[in-house]
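The residues making up each chain are set out below.
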Amino acid sequence: MTEAILLVGGKGTRLRPLTVHTPKPMVRAAGVPFLTHQLARARAAGVEHIVLATSYLAEVFEPYFGDGSSLGLHIEYVTEEEPLGTGGAIRNVASRLHSGPDEPVLIFNGDILTGLDIRALVRTHRTTGADVSLHLTKVTDPRAYGLVPTDDTGRVLAFLEKPQTPEEIVTDQINAGAYVFRRSVIDTIPTGRPVSVERETFPDLLSAGAHLQGLVDSTYWLDLGTPAAFVRGSADLVLGRAPSPAVPGRCGDRLVLPTARVAPDAKLAGGTVVGEGAFVAEGARVFGSTILPGAVIEPGAVVTDSLIGTRARVGERSVLTGTVIGDGAVVGARNELRDGVRVWCDARIPAGSVRFSSDE
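Here's what I pulled together on the structure shown here. Everything numeric in this text was worked out from a predicted model, so none of it was measured.

### Quick word on the pairing of strand 9 (residues 173–182)
Okay, so step 1: The buried count for strand 9 comes to 10 of 10 residues, which makes it a mostly enclosed element.
Okay, so step 2: Sheet topology places strand 6 (residues 104–109) next to strand 9; five bridges connect them, and they run antiparallel. Across the sheet, Pro104 pairs through a bridge with Arg182, a residue of strand 9.
Okay, so step 3: Bridge count for strand 8 (residues 132–138) against strand 9 is six bridges, and the pairing is antiparallel. Bridge pairing links Thr137 to Ile174 in strand 9.

So this is what it looks like as structure tokens:
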């Protein structure tokens, strides 16, 4: 196994305003673009050649990663002129692959943080002689996902769209977003139009009698599609709950990047990250949050489970819980922002303008 495809073309609309200026895989988690963690784990599993299937803000990737040599990889970039979906993106980069027809090609979704044993997935693919092998994980509430029931040998029986009733929940196994394709199978995906592997490619292969194999690996798995999940994933990387060789420092309660400044009496905990050039002032308390480069947390502010964008500012004694502050936004002093609030890039909230308590 020497090559892989990473699908990094999505617009990341559920993550806005984080993705207004930055493609989702390039948003920083535990101090580096999230894609860095995926690339580093692939390299650790023996992958040498990776093709990035890009689309939205495609121009951002290559200036950062170059040819991949700094990570011990050879990286190529293919940009979709129009969004092609997961299957279309895979087919669109096929000409850059070097594998023979029966060799395995790894494919990863660009927004999944996982502890998957990549080598075990490839071994399963080889030993079962599958056409496609899928990483499956078990979830307590599968209603938001497509279900993938398997037989006693792990062979996939069906692909079921998001269940609507209890009777439709026939398994707790879901598609976890990592696959091994037999190289020749990739060439059967239609060209020149959008194709979904989940809704079209996999069901069609199953109907045609292809062998699709599932590997249940229930180690750490998180879909980083929402701001709350992204913040949690970053914290879990810092805390060491999610594995990655790319965390730029020792795992622990906090990660303070070079050139960041933190006042001696400020408190950081819960996997908090303070990015390059950011400043956390005296008396501030930051828990389980990501402070992106150049952001400022003013004296006495309390920030919990939140993400503060590049060059954003949180005013004195403001209290933020479960919120996202876009790049360059300013939250004035003595505001209270609660779960689910998103402040757009460069917005300004005057001092004391948003309150949940009755006084200051």
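Having seen the model, we can carry on.
### What to know about the sheet that holds strand 22 (residues 313–314)
Okay, so step 1: One open sheet holds the six strands; their spatial order is 13-16-19-22-25-28, and the pairing between them is parallel. In this open sheet, the two strands that pair with only one neighbour each are strand 13 (261–262) and strand 28 (348–349).
Okay, so step 2: As defined by bridge partners, strand 19 (residues 296–297) adjoins strand 22 across two bridges and the pair is classed as parallel. Of the residues in strand 22, the one forming a bridge with Val296 is Arg313.

### Some details on unusual backbone geometry
Okay, so step 1: Note that the residue after Arg16, namely Pro17, is joined by a cis bond; omega there is 10°.
Okay, so step 2: Among the secondary structure elements, Pro17 is positioned in the loop between strand 1 (3–7) and strand 2 (28–29).
Okay, so step 3: Unlike most non-glycine residues, Arg334 shows phi in positive territory, near 60°.
Okay, so step 4: Assignment of secondary structure puts Arg334 in the loop between strand 25 (330–331) and strand 26 (336–337).
Okay, so step 5: The class of Arg334 is partly exposed, set by a relative accessible area of 24%.

### Some details on the layout of surface pockets
Picture a little ball the size of a water molecule; that probe, rolled over the atoms, points out where space is still empty.
Okay, so step 1: The calculated volume of the largest pocket comes to roughly 1,200 Å³.
Okay, so step 2: Taken together, 43 residues line the largest pocket, and the ones lying closest to its centre are Arg14, Thr86, Asn109, Asp111 and Glu198.
Okay, so step 3: Elements with a minimum of two residues in the lining of the largest pocket: helix 3 (85–92), strand 9, helix 6 (197–207) and strand 11 (221–223).
Okay, so step 4: Within the lining of the largest pocket, the residues separate by chemical class into 19 nonpolar, 14 polar and 10 charged.

### Examining the packing of aromatic side chains
Okay, so step 1: For the coordinates displayed, the defined rule picks out seven aromatic pairs.
Okay, so step 2: Between Tyr64 and Phe65, the ring centres sit 4.8 Å apart and the planes meet at 70°, which makes this aromatic pair edge-to-face.
Okay, so step 3: The exposure class assigned to Tyr64 is partly exposed, which follows from its relative accessible area of 42%.
Okay, so step 4: By relative accessible area, which is 7% here, Phe65 ends up buried.

The rules behind the values
- Residues numbered from 1 in each chain as written.
- Predicted model: local features only at pLDDT ≥ 70, side-chain atom pairs only at ≥ 80, totals over all residues.
- Heavy atoms only, no water.
- Buried < 20%, exposed > 50% of the residue type's maximum accessible area, 1.4 Å probe, protein only.
- Helix = DSSP H or I, 4+ residues; strand = E, 2+ residues; numbered from the N terminus.
- Pairing = 2+ DSSP bridges.
- 1 Å grid on protein atoms, 1.4 Å probe; cavity = no way out; pocket = protein on both sides within 12 Å on 5 of 7 lines; lining within 4 Å.
- Points joined across faces, edges and corners; volume = space filled by probe spheres on them.
- Nonpolar A, V, L, I, M, F, W, Y, C, P; charged D, E, K, R; others polar.
- Phe/Tyr/Trp six-rings, centres within 6.5 Å; stacked < 30°, edge-to-face > 60°.

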